[in-house]
Protein chains: 2
Amino acid sequence: MKLLVVEDEIALQRSIVSYLTDMDYICEAATSFSEALMKSSVHEYDCILVDITLPGGSGLDLIRELKQQHKESGLIIISAKDSLDDRLHGLNLGADDYLTKPFHLSELNARIKALLRRKYFNGMQTIDVEEITIDPSRSAVTVHGNEINLTKSEYRLLLYFVTNRERVLSKESIAEHIGGDQSDMLDNLDFIYSHIKNLRKKVLDAGGTDYVKAVYGMGYKFSTV
Amino acid sequence: MKLLVVEDEIALQRSIVSYLTDMDYICEAATSFSEALMKSSVHEYDCILVDITLPGGSGLDLIRELKQQHKESGLIIISAKDSLDDRLHGLNLGADDYLTKPFHLSELNARIKALLRRKYFNGMQTIDVEEITIDPSRSAVTVHGNEINLTKSEYRLLLYFVTNRERVLSKESIAEHIGGDQSDMLDNLDFIYSHIKNLRKKVLDAGGTDYVKAVYGMGYKFSTV
DNA sequence: CTAGATTTTGAAAAAATCCTGAAAATCAGC
DNA sequence: GCTGATTTTCAGGATTTTTTCAAAATCTAG
């Protein structure tokens, strides 16, 4: 399996490449958009990792280009940004998964493995967490294969959770990711409770497990471990 | 943690330095443009506070210089002006945060804390001290690999300790770091005893060592030597 | 060694947070 | 404009954490 790592922070790039090489992947690296495009036009990669916070142009454009050039390559976004728009945008442009910095290399490895398995075994572009599957292109969610009906807020909430697994997410940041654009509504975050309650209920009613754990005083964590 | 305070109003400079020293930061001060550049070229500071209304040259130029000189230092602008332009300008030149006069010292402290946290903990995978491992991205703490469950205050306390190893931390500064946001006047610091007791107990129960040493009459020191 | 100050400890009061159910407000489609 | 769905607010009770308090243990100065 051959990978391309597009990352301008040399230290991070090195540690990623080193780790993935140890995992028996064949790795190449690029530090800029142009280099990434050039390399990907010559070689065929099973999976491309892209840091969309790369300087010198929007990373999202690179994703569009890469996806056009190499429809077969899996695409994983690495981002320092914490913005829902960027993620949805990236996923809509055809990325298969994404990872928010900082991340564990083992987590990256797991994502790559999952992506390659999906890519080569069923070709579905979905985010899978245990019995929950999210299809961002359709904004559809299934539990044990049965589709459940989520409201927009619940869907955003779930997406924010599953893309930040095992992390403690503050109610403030959750509110931002549900609310969309309004950033100065710090007065009352109680509506979070309702959305979490409703999401939990729908997942449980569909026979799923409640992975949403409250972390007292800190927020919530979507934990499958 | 080492800070440089660039402020020409002596009274304000004194009160800032005095307060931040109480918070157990190591502080140095500069009263002019040239002094700031000189000091910053000799020492490496974790964070530099700049009053951009400094006489003898535009403070924004100083920011540009400082940022060129020391890309690693965090940079917080202090200004009497309340203009959006100045703020944007400063941030565009590479400042990390911005504070408008007059401000509460506790507010300044909060900004510094947040900046240092971003600077040092984002991108860092874990903080390891002997058998204790802290994963800031997950707010998780393990002792000998076993996760222990800390409350918010205990977690903040531990984080403050491990990032200031071998230094005596006053009860006042510890209280500040636990309290987080509201920080006016803390008449009674006894609650620290409870948090320290609980943190010690949880670490010991997990088979760890108690590195929290009381320094009679001075405060506490997290010492592994 | 003693006296006074400081730290430790346990327990109880106070405060904060989370969960739930239901009502009020808002939004979207017709 | 109406109607149903969605979002937000609100109040209670349950739970957890934080803070207070007082007694016991420990420490330092003199």
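In this report, we go over the structure that sits alongside the text. Here the residue index of a chain counts from 1 through its sequence in written order. Here chains are named by letter from A upward and ligands by number from 1 upward, in the order in which they appear as written. It should be noted that, the model being predicted, local features are given only for residues of pLDDT at least 70 and side-chain atom pairs only at 80 or more, the latter also being counted only at that level, while totals for whole chains, interfaces and linings use all residues. Side-chain metrics in this entry use all non-hydrogen atoms of the structure; hydrogen atoms and water are not considered.

Turning our eyes to something else, we now look at the interface of chain A and chain B. Often, the extent of an interface is quoted as the loss of accessible area on bringing the components together. Every contact between the two is made by 10 residues of chain A and, on the other side, 12 residues of chain B. Take the accessible area each of two parts loses on contact, using a 1.4 Å probe, and add the two losses: that sum is the buried area. The contact between chain A and chain B buries some 910 Å² in all, and 54% of this surface belongs to carbon and sulfur atoms. By the criterion of area lost to chain B, the three top residues of chain A are Pro102, His104 and Met218 of chain A, representing 52% of everything that side buries. By definition, a salt bridge exists where a carboxyl oxygen of Asp or Glu is found within 4 Å of a side-chain nitrogen of Lys or Arg. Summed over the shared surface of chain A and chain B, the number is zero salt bridges. Polar contacts here mean pairs of N or O atoms no more than 3.5 Å apart (in protein, one a potential hydrogen donor and the other a potential acceptor; neighbouring residues in sequence count only if both atoms are side-chain atoms). Seen at the junction of chain A and chain B, the total is one residue pair in polar contact (both at pLDDT 80 or more). Whether two residues touch is decided by their heavy atoms; if any such pair falls within 4.5 Å, the residues are in contact.

Looking now at the nonpolar core. One broad trend across soluble globular proteins is that nonpolar side chains are buried collectively. Definition of nonpolar core: a set of buried residues of the types Ala, Val, Leu, Ile, Met, Phe, Trp, Tyr and Cys, connected through side-chain atoms within 4.5 Å. Buried, partly exposed and exposed residues are distinguished by accessible area as a fraction of the type maximum, computed with a 1.4 Å probe on protein chains only: under 20%, between the cut-offs, and over 50%, respectively. The biggest cluster of nonpolar side chains holds 32 residues, and the ones touching the most others in it are Ile132, Ile134, Leu158, Ile174 and Phe222 of chain B. Only DSSP runs of H or I reaching four residues or more are called helices, and only runs of E reaching two or more are called strands; each is numbered from the N terminus. Secondary structure elements with two or more residues in this core: β6 (127–129), β7 (132–135), β8 (140–143), α6 (152–162), α7 (171–179), α8 (191–205) and β12 (219–222) of chain B. It is α6 of chain B that contributes the most residues to this core, seven residues altogether. Among residues more than four places away in sequence, those in contact with Leu158 of chain B are Ile132, Ile134, Val141, Leu150, Leu199 and Phe222 of chain B. Grouped together as the second largest cluster of nonpolar side chains are 29 residues, Ile132, Val143, Tyr160 and Ile178 of chain A included.

Only a single heavy atom is needed: when it lies within 4 Å of a molecule or strand, its residue is near that molecule or strand. Near DNA strand C, the surroundings consist of 19 residues, among which Lys197, Tyr216 and Tyr220 of chain A together with Lys197 and Tyr220 of chain B are the closest. Considering DNA strand C, the proportion of its atoms within 4 Å of the protein that are sugar or phosphate atoms stands at 59%. Contact between DNA strand C and Lys197 of chain A: a base nitrogen at 2.6 Å from a side-chain N or O atom of the residue. Side-chain polar atom of Arg200 of chain A to a phosphate oxygen of DNA strand C: 3.3 Å apart, as the coordinates give it. Sorting elements by how many residues they give to the surface near DNA strand C places helix α8 (residues 191–205) of chain A first, with four residues. Any residue outside Ala, Val, Leu, Ile, Met, Phe, Trp, Tyr, Cys, Pro, Asp, Glu, Lys and Arg is labelled polar, Gly included; the first ten of those are nonpolar and the last four are charged. Each residue belonging to the surface near DNA strand C can be placed in one class, and the counts come to 10 nonpolar, three polar and six charged.

All names here are of chain A. Working rule for helices: expected span equals 1.5 Å times residues minus one. Look at α8: 21 Å from first C-alpha to last across 15 residues, which is about the 21 Å you get at 1.5 Å a residue. Of all the positions in α8, only Ile192, His195, Ile196, Leu199 and Val203 are classed as buried. Along the axis of α8, the buried residues cluster in a sector spanning 95 degrees; they form a single face. Of the exposed residues in α8, those oriented more than 90 degrees away from the buried face are Lys197, Lys201 and Asp205. What the arc measures is the spread of directions leading from the helix axis to the C-beta atoms.

All names here are of chain B. Here, a strand pair is defined by DSSP locating no fewer than two bridges between the strands. Across the sheet, which stays open at both edges, the four strands sit in the order β6-β7-β8-β9 with antiparallel pairing between neighbours. Only two strands of the sheet have a single partner each, and these edge strands are β6 and β9 (146–148). Looking at each pair of strands side by side, their axes are set apart by 25 degrees on average, direction ignored. Pairing between β8 and β9: three bridges, direction antiparallel. Residue Val143 lies in a different strand from β9, and its bridge partner there is Asn146. Fitted lines through C-alpha atoms give the axes, limited to the stretch in contact for helices. The angle between two N-to-C directions lies from 0 to 180 degrees. Along the sheet, α6 contacts β6, β7 and β8; its crossing angle with β7, the most-contacted strand, is approximately 110 degrees.

The next point concerns the layout of surface pockets. By rolling a water-sized probe across the atoms, one finds the places where empty space is left. Residue and element names in this part refer to chain A. In this analysis the probe radius is 1.4 Å and the grid spacing 1 Å, with only protein atoms considered; a cavity is a set of points the probe fits into but cannot get out of, a pocket is an open set with protein on both sides within 12 Å along at least five of seven lines, and lining residues have an atom within 4 Å of a point. Grid points are joined across faces, edges and corners, and a volume is the space filled by probe spheres set on the points. Here the second largest pocket is characterised by a volume of approximately 590 Å³. Surrounding the second largest pocket, 27 residues form its lining, Glu107, Ala110, Arg111, Arg165 and Glu166 being those nearest its centre. Among the elements of the structure, β5 (97–100), α5 (105–122) and β6 (127–129) are those that each provide at least two residues to the lining of the second largest pocket. In terms of residues, the lining of the second largest pocket owes the most to one element, α5, which gives nine residues. Among the residues forming the lining of the second largest pocket, the class breakdown is seven nonpolar, eight polar and 12 charged. What fixes the domain bounds is an automatic or database domain assignment. Two domains each provide a minimum of three residues to the lining of the second largest pocket, namely domain 1 (2–120) and domain 2 (127–222).

The next point concerns the packing of helix α6 (residues 152–162) of chain A against α8 of chain A. Residue and element names in this part refer to chain A. The contact between α6 and α8 brings their axes to 10 Å, and the two run at 80 degrees. In terms of orientation, α6 lies roughly perpendicular with respect to α8. Packed against α6, whose contacting residues are Ser153, Glu154, Leu157, Leu158 and Phe161, the element α8 presents His195, Ile196, Asn198, Leu199 and Lys202 at the interface. A class-by-class count of the residues in the contact of α6 with α8 yields five nonpolar, three polar and two charged. When describing relative orientation, an angle under 35 degrees is termed roughly parallel and one over 145 degrees roughly antiparallel, while 65 to 115 degrees is termed roughly perpendicular and anything else oblique.

Moving on: helix α2 (residues 33–42) of chain B. Residues and elements named next belong to chain B. Among all positions in α2, only Ala36, Leu37 and Ser40 are buried. Buried residues in α2, looked at end-on, bunch into an arc of 95 degrees, giving them a common side. Residues of α2 that are exposed and point over 90 degrees away from its buried face: Ser34, Met38 and Val42.

Further remarks concern the side chain of Arg167 of chain A. Mapping Arg167 of chain A onto the fold places it in the loop between α6 and β10 (168–169). Apart from the residues lying within four places of it in its own chain, the contact partners of Arg167 of chain A are Thr100, Lys101, Pro102, Phe103, Tyr220, Lys221 and Phe222 of chain A together with Ser137 and Arg138 of chain B.

Let's shift gears to unusual backbone geometry. Only a minority of non-glycine residues have a phi that is not negative, and only a minority of peptide bonds are not trans. All names here are of chain A. Positive phi, close to 55 degrees, is recorded for His144, a residue that is not glycine. Residue placement: His144 occurs in the loop between β8 (140–143) and β9 (146–148). Residue His144 is classed as exposed on the basis of its relative accessible area of 51%.

Once that is clear, we can look at the sheet that holds strand β4 (residues 74–79) of chain B. Residues and elements named next belong to chain B. Read from one edge to the other, the open sheet built from five strands follows the order β2-β1-β3-β4-β5, with strand pairing classed as parallel. Lying at the two open borders of the sheet, with one neighbouring strand each, are β2 (26–30) and β5 (97–100). Neighbouring strand axes in the sheet, compared pairwise and without regard to direction, differ in orientation by 20 degrees on average. Two strands pair when backbone bridges link them, and strand β3 (residues 47–51) and β4 are joined in this way by five bridges, in the parallel orientation. Looking at the pairing, Asp51 lines up with Ile78 of β4. Against the sheet, helix α1 (residues 10–22) touches β1 (2–6), β2, β3 and β4, its axis set at about 170 degrees to β2. α2 contacts β1, β2 and β3 of the sheet and is inclined by roughly 140 degrees relative to β2.

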